[in-house]
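Chain by chain, the residues:
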Amino acid sequence: MRSDALLNEAVRGPSGPRKHRMLPSWVATTALLLPTYAWLTLAVLLPLLTMFVFSFMSATPMGKAPITFTLKHYRAFVDQPYLLNIGWTSLVIGFWTTLLCAIFGFLAAVALARATVGRMRETLLILILLPFWTNGLVRVFSWTMVLRENGFLDNVLHMVFADAGSISFLYTRYAIVLGLVHGYLPYMILTCYIALVTIDDAIIEAAASLGARWWTILFRILIPMAAPGLISGAVLTFVPVIGSFMEPRILGGKVGVTMGTVIEDQFTQAFNWPLGAALSFTLLAVVLAIFATFSGVLRRGAAA
Amino acid sequence: MKQIGRIYLLVVLFFLYTPIVVMMAMGFNESQLYELPFTFSFRWYDALLGNKQLLTAGMNSIIIAVITSVLATSLGTLAATALARRTFRGKSLLQLLLLPPIAIPWLITGTAMLVFFYWSGIGRGMHALLIGHVALAIPYVVLVVGTGFKTIRADLEEAAMSLGSTPIHAFFSVTLPLLYPSILGAALFAFAVSLDQFVISYFLATPGYSTLPVQIYSAIRKGFTPEINAISTLLLLGSMTVILIFARFAKPGDTSDKR
């Protein structure tokens, strides 16, 4: 601290910094920020705005049909009740994926924080996170190799029970959830791990020395203290999962109809862009509501 | 107890890597229908060499990733400099504006880009993909470089300026060399984000111009052959390498004071 003060004094000197012909500071700041924010405006903000306008149009403005503005696409859930089922399916898939990620991810984070040290911990953490930063599409495709009839899973089964039938469950909702858990588990492990390493060992040792059993330590100390990590992990899993479309398509086949695939269809097959836009914004509203509910937790998680 | 924890971690790793390993192994299996027993063969890698469509898409992916990496790193580093070193009004709003590309599901961002690019006449294709990829990569660059700034003392730059250096010269001769590992890490990260990006590319690609993940997706949906395993293996190994190098350069937990 003292040396810093001395340094600063030496820096400023008796006459202050030497004068340069300097532009006003706001010009420099603007010049630094402008390229990035102009780019983000062009690529993200204007598109979202345009899509919002599109969501009120009566039809895709491609042909010569006159365009009027309407709210009917936001009534889609009332007008087309099958959408309610699909929305429900998406929520159920999102719920199970998040729950399974939370349980297995939290336990893995506990194991990482309590049962490993040093080099081993570092290596394990990198190995766990590595798949997360590789192509999600390829990882989903990998599961078809395991789950398909006569795939890896069936072969392992037949090695044990030679004449067992097939337990292939590709093209079911279980397969979708499994693929999604595989995709987001590393993220959950990371957020829980970051929250868990900040817990002082002394607290746990004190509890143990006073006779607390492992489940008491887990439910009374670890889970409450790591709750922020658990919640931000859950939010950051649930949000992308309810918007997913390639996982349900590839692993779910015919049963893989979710909000994500319905929206994709409106843009690539049905060419009903206004409906797709309205469904996207309904989804976005759900996402924003989730973020708003947990924003305090997420901010603390980001600061940690 | 510790033993159980370690065994559990091994089970988790087994779960994470089994499908990937099985997929990779099937790329070396002779049978077109993925039938076992396993017969080792380079057949599908040979076939890949003759598959113009996949190779072109792969080349496109790499070119897009390189350009994205250069652009996103340059722009993001400038923005990170302003956000880390300058005080101005509305800073927290600007920081908030970095979130949409990360936090909004890509399905929504991608379809929004499709609608806007169509409506405004920008269209689809390579330039559209670039606009999208750079926008997705910028927030990560600002994050990584911003973390780098936290490890460098601001008074070094001030010292240089008081000794007669211009702000620009001080930035290039003092701050930039210290920031170099973070910037390189950010560039690698942007490269990996672009290389693995599928959703945005899917909506902005045209029949004549697409990237590897888009081609892989259409191949999976049409009915696939082990060629897809071969190219997927290459893509996976490529991005794993990039991420491992990134982990080496920008140690996320490293907050040591660099002087």
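Above: the structure in question.
Residues numbered from 1 in each chain as written. Chains lettered and ligands numbered in written order. Predicted model: local features only at pLDDT ≥ 70, side-chain atom pairs only at ≥ 80, totals over all residues. Heavy atoms only, no water.

Asks: What is the right way to read the overall build of chain B from this model?
Replies: Helix and strand counts for chain B stand at 12 helices and zero strands. The N-to-C order of helical and strand elements in chain B reads α-α-α-α-α-α-α-α-α-α-α-α. Taken over the C-alpha atoms alone, chain B extends approximately 70 × 60 × 30 Å along its principal axes. Looking at chain B as a whole, 55% of its 259 residues are labelled buried. Expressed as a percentage of contacts within chain B between residues at least 6 apart in sequence, the contacts between residues at least 24 apart total 71%. (Helix = DSSP H or I, 4+ residues; strand = E, 2+ residues; numbered from the N terminus. Buried < 20%, exposed > 50% of the residue type's maximum accessible area, 1.4 Å probe, protein only. Contact = heavy atoms within 4.5 Å.)

Asks: What am I meant to see in helix 11 (residues 212–222) of chain B here?
Replies: Residue and element names in this part refer to chain B. Within helix 11, eight of the 11 residues are buried, which leaves the element mostly enclosed by the surrounding structure. Restricting attention to buried positions, one finds in helix 11 the residues Leu212, Pro213, Val214, Gln215, Ile216, Tyr217, Ala219 and Ile220. Trailing helix 11 by a residue or two, glycine 223 shows a phi angle of about 110 degrees, which is positive.

Asks: Whenever I open this one, the side chain of Ser90(A) confuses me. Can you help?
Replies: Mapping Ser90(A) onto the fold places it in helix 4 (residues 82–115). If sequence neighbours within four positions are ignored, Ser90(A) has contacts with Ile242(A), Thr258(A) and Met259(A).

Asks: Before we go on, may I ask you to explain the interface of chain A and chain B in this structure?
Replies: Interface size, as often reported, equals the accessible area lost upon joining of the parts. Taken together, the 83 residues of chain A in the interface contact 91 residues of chain B. Summing both partners gives a buried area of about 7800 Å² for chain A against chain B, and 80% of it is carried by carbon and sulfur. When the buried area of chain A at its contact with chain B is split by residue, Trp39(A), Trp133(A) and Phe141(A) rank highest and sum to 9% of it. At the junction of chain A with chain B, the criterion picks out one salt bridge. Notably, a salt bridge pairs Arg221(B) with Glu264(A), separated by 3.9 Å at the nearest N-O pair. Joining chain A to chain B, the criterion identifies 11 residue pairs in polar contact (both at pLDDT 80 or more). For the side of chain A that touches chain B, the leading source of residues is helix 2 (residues 25–54) of chain A, giving 20 residues. (Buried area = accessible area lost by both parts, 1.4 Å probe. Salt bridge = Lys/Arg side-chain N within 4 Å of Asp/Glu carboxyl O. Polar contact = N/O pair within 3.5 Å; in protein donor to acceptor, adjacent residues only side chain to side chain.)

Asks: How do you make sense of the nonpolar core when you look at a structure like this?
Replies: In summary, soluble globular proteins display a tendency toward joint burial of nonpolar side chains. Core analysis: the biggest nonpolar cluster contains 169 residues, and Phe106(A), Leu196(A), Leu222(A), Phe245(A), Phe198(B) and Ile216(B) have the highest contact counts within it. The element contributing the most residues to this core is helix 7 (residues 126–150) of chain B, with 15 residues. With residues up to four places along the chain from it excluded, the contact list for Phe106(A) reads Cys101(A), Cys192(A), Leu196(A), Leu218(A), Leu222(A), Ile223(A), Ala226(A) and Leu230(A). (Core = buried A, V, L, I, M, F, W, Y, C linked by side-chain atoms within 4.5 Å.)

Asks: When you look at the packing of aromatic side chains in this model, what are you seeing that I'm missing?
Replies: Remark: the centre distance and the inter-plane angle together describe each pair of aromatic rings, the angle taken between the planes. Applying the stated criterion across every chain, the model contains 32 aromatic pairs over all chains. With a centroid separation of 4.8 Å and an interplanar angle of 20 degrees, the aromatic rings of Phe28(B) and Tyr45(B) are classed as stacked. Of this pair, Phe28(B) sits in the loop between helix 1 (2–26) and helix 2 (43–49) while Tyr45(B) sits in helix 2, placing them 17 residues apart in sequence. Classification of Tyr45(B) as buried rests on a relative accessible area of 15%. A network of ring pairs unites the aromatic residues Phe132(A), Trp133(A), Tyr187(A), Tyr140(B), Phe189(B) and Phe246(B) as a single cluster. The ring of Phe88(B) has Lys91(B) lying over it, and the distance from NZ or CZ to the ring centre is 5.8 Å. (Phe/Tyr/Trp six-rings, centres within 6.5 Å; stacked < 30°, edge-to-face > 60°. Lys NZ or Arg CZ within 6 Å of the ring centre and 35° of its normal.)

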